[in-house]
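# Residue-level structural notes
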Amino acid sequence: MESLLSLAFDNLSSFDGGKIKKGLKQVEGLLAQICLSGPSSPRKHTTDHGRDREQPSRKVLADLSGDPAFREFFKLQEGFEWNVAQRLLTTLDWLVVRGGDGQYDLLIVNALDLIQGALLLHPASKALFSRSVHMNLLLDLLEPINCPAIQSATIITLVVALLDMPQNTRVFEQLDGLLTVTSLFKSRETGREVKFRLTEFLYFYLTPETPSIPRADARLSAAAPGLLQRSPSKLAKVFGASGGAGERDGRQEGEDDGTTLSVEEKKLFVDRYSAGCGGMSC
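Residues numbered from 1 in each chain as written. Predicted model: local features only at pLDDT ≥ 70, side-chain atom pairs only at ≥ 80, totals over all residues. Heavy atoms only, no water.

We now examine the nonpolar core. Judged by nonpolar contacts, the single largest core of 62 residues is most densely connected at Phe172 and Phe201. No other element matches the 10 residues that helix α5 (residues 105-121) contributes to this core. Apart from residues lying up to four places away in sequence, phenylalanine 172 is in contact with Met135, Leu139, Leu158, Leu162, Gly177, Leu178, Val181, Phe201 and Tyr205. (Core = buried A, V, L, I, M, F, W, Y, C linked by side-chain atoms within 4.5 Å. Buried < 20%, exposed > 50% of the residue type's maximum accessible area, 1.4 Å probe, protein only. Helix = DSSP H or I, 4+ residues; strand = E, 2+ residues; numbered from the N terminus. Contact = heavy atoms within 4.5 Å.)

Put into structure tokens, the structure is as follows:
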């Protein structure tokens, strides 16, 4: 696993667009292998010529606990050196800075898609977006100068980064993320597809918040100080994490940890930034 990640990271660290593209493909292949090659029997797919062709079955969450490849991947993600999301964010930042003329748009979209996958496979990596530098990177990609494909992919990435992570949502708010979102929504230059994604994001933003699981194990804290927060996830049940879904550090599930806001409070924020827009219908 380390050798595969090392090859991919070497390409992602390159200043050559072709090598970066290769690195993204290597990460995609690794994540696809983890997600698709399950123990279940392959599904049969009928081709246009009427022939049956076997397709790899997708793994269900219950299969992950017995999957050595996924366990190894998950373990490596706990440290800074092999964290895929962190490396992809570094590459994404380079692409954004160098790709002002649109030459790297497709690579930016690919990087965003892979960041989504890395965060879903390793929810603790979402804590990276509690840092303003990473949240600002996403907000920069929502600027009107970027193409609709980048904006749409960024909105989905933002949803994944905020999901079950109230502390990330507070950073998003502090950086005027709602102003960025509502301004893009109100702009006449914003296309229909992007506005649809923005509407989905605002509905997501207004859902009740779930307090994050406080901290990972102390050993992980020392090894990866940037990855301390774990979002509530079915993965905790898969790996049998103590104190995950029910109780952790003496706090019951659902108890406010001081970082959550009510739906009513968040609605006030949305209304404030949407003033003069006629709500979300303009």
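Don't stop here, the text continues.
With that out of the way, let us pick up the packing of aromatic side chains. Throughout the structure, instances matching the rule amount to 7 aromatic pairs. Summarising the aromatic geometry, the rings of tryptophan 94 and tyrosine 104 are spaced 5.7 Å apart at their centres and angled 45 degrees between planes, so their arrangement reads as tilted. Separated by 10 residues along the polypeptide, tryptophan 94 in helix α4 (residues 84-98) and tyrosine 104 in the loop between α4 and α5 bring together distant segments of the chain. The pair tryptophan 94 / tyrosine 104 is uniform in exposure class, with both members buried. Through pairs of rings, three or more aromatic residues link up here, namely Phe172, Phe201, Phe204 and Tyr205. (Phe/Tyr/Trp six-rings, centres within 6.5 Å; stacked < 30°, edge-to-face > 60°.)

So, on to the side chain of histidine 134. When you line up the elements, histidine 134 lands in helix α6 (residues 132-141). Residue classification places histidine 134 among the buried positions, given a relative accessible area of 9%. Those residues in contact with histidine 134 that lie beyond four places of it in its chain are Gln86, Leu89, Leu128 and Phe129.

All right, on to the pattern of salt bridges then. One pass over the full model with this rule turns up 7 salt bridges. The residue arginine 170 makes a salt bridge to glutamate 209 at a minimum N-O spacing of 2.8 Å. Taken together, the residues arginine 170 in helix α8 (residues 166-174) and glutamate 209 in the loop between α10 (192-205) and α11 (218-223) connect sequence positions 39 residues apart. The same class applies to arginine 170 as to glutamate 209, namely buried. (Salt bridge = Lys/Arg side-chain N within 4 Å of Asp/Glu carboxyl O.)

Moving on: helix α2 (residues 17-36). Between its terminal C-alpha atoms α2 stretches 28 Å, which fits the 28 Å expected from 20 residues at 1.5 Å a residue. When we look at burial in α2, the residues that qualify are Gly17, Ile20, Gly23, Leu24, Val27, Leu30, Leu31 and Ile34. Looking down the long axis of α2, one finds its buried residues gathered within 145 degrees of arc, a one-sided arrangement. Looking at the buried residues of α2, the elements they touch are α1 (2-12), α3 (68-77), α4 and α5. (Expected span 1.5 Å × (residues − 1). Arc of directions from axis to C-beta.)

The next subject is the environment of leucine 30. With respect to the helices, strands and loops of the structure, leucine 30 is situated in helix α2. The sequence separation of leucine 30 and methionine 1 amounts to 29 residues, and the corresponding C-alpha distance is 8.9 Å. Sequence-distant contacts of leucine 30, defined by excluding residues within four places in its chain, comprise Met1, Leu4 and Leu5.

Let's shift gears to the confidence of the model for the protein. Confidence in the prediction for the protein averages 80 pLDDT; 70% of positions are at 70 or higher. In this model, residues 213-257 is a region of pLDDT below 50 whose contacts with residues beyond four sequence positions or in other chains number 82 contacts. (pLDDT = per-residue confidence, 0-100.)

It is worth spelling out the side chain of glutamine 116 at this point. In this structure, glutamine 116 sits in helix α5. Classification of glutamine 116 as buried rests on a relative accessible area of 12%. From its side chain, glutamine 116 meets the backbone oxygen of alanine 153 in a polar contact 3.3 Å long. (Polar contact = N/O pair within 3.5 Å; in protein donor to acceptor, adjacent residues only side chain to side chain.)

So, about the packing of α6 against α8. Running from amino to carboxyl end, α6 crosses α8 at an angle of 65 degrees, the nearest separation of the two axes being 10 Å. In terms of crossing hand, the pair formed by α6 and α8 is right-handed. For the pair α6 and α8, the contacting residues are Ser132, Met135 and Leu139 in the first and Asn168, Val171 and Phe172 in the second. Broken down by class, the residue content of the contact of α6 with α8 amounts to 4 nonpolar, 2 polar and no charged. (Axes fitted to C-alpha atoms, helices over the stretch in contact; angles between N-to-C directions. Left-handed = near helix turned anticlockwise from the far one by under 90°. Nonpolar A, V, L, I, M, F, W, Y, C, P; charged D, E, K, R; others polar.)

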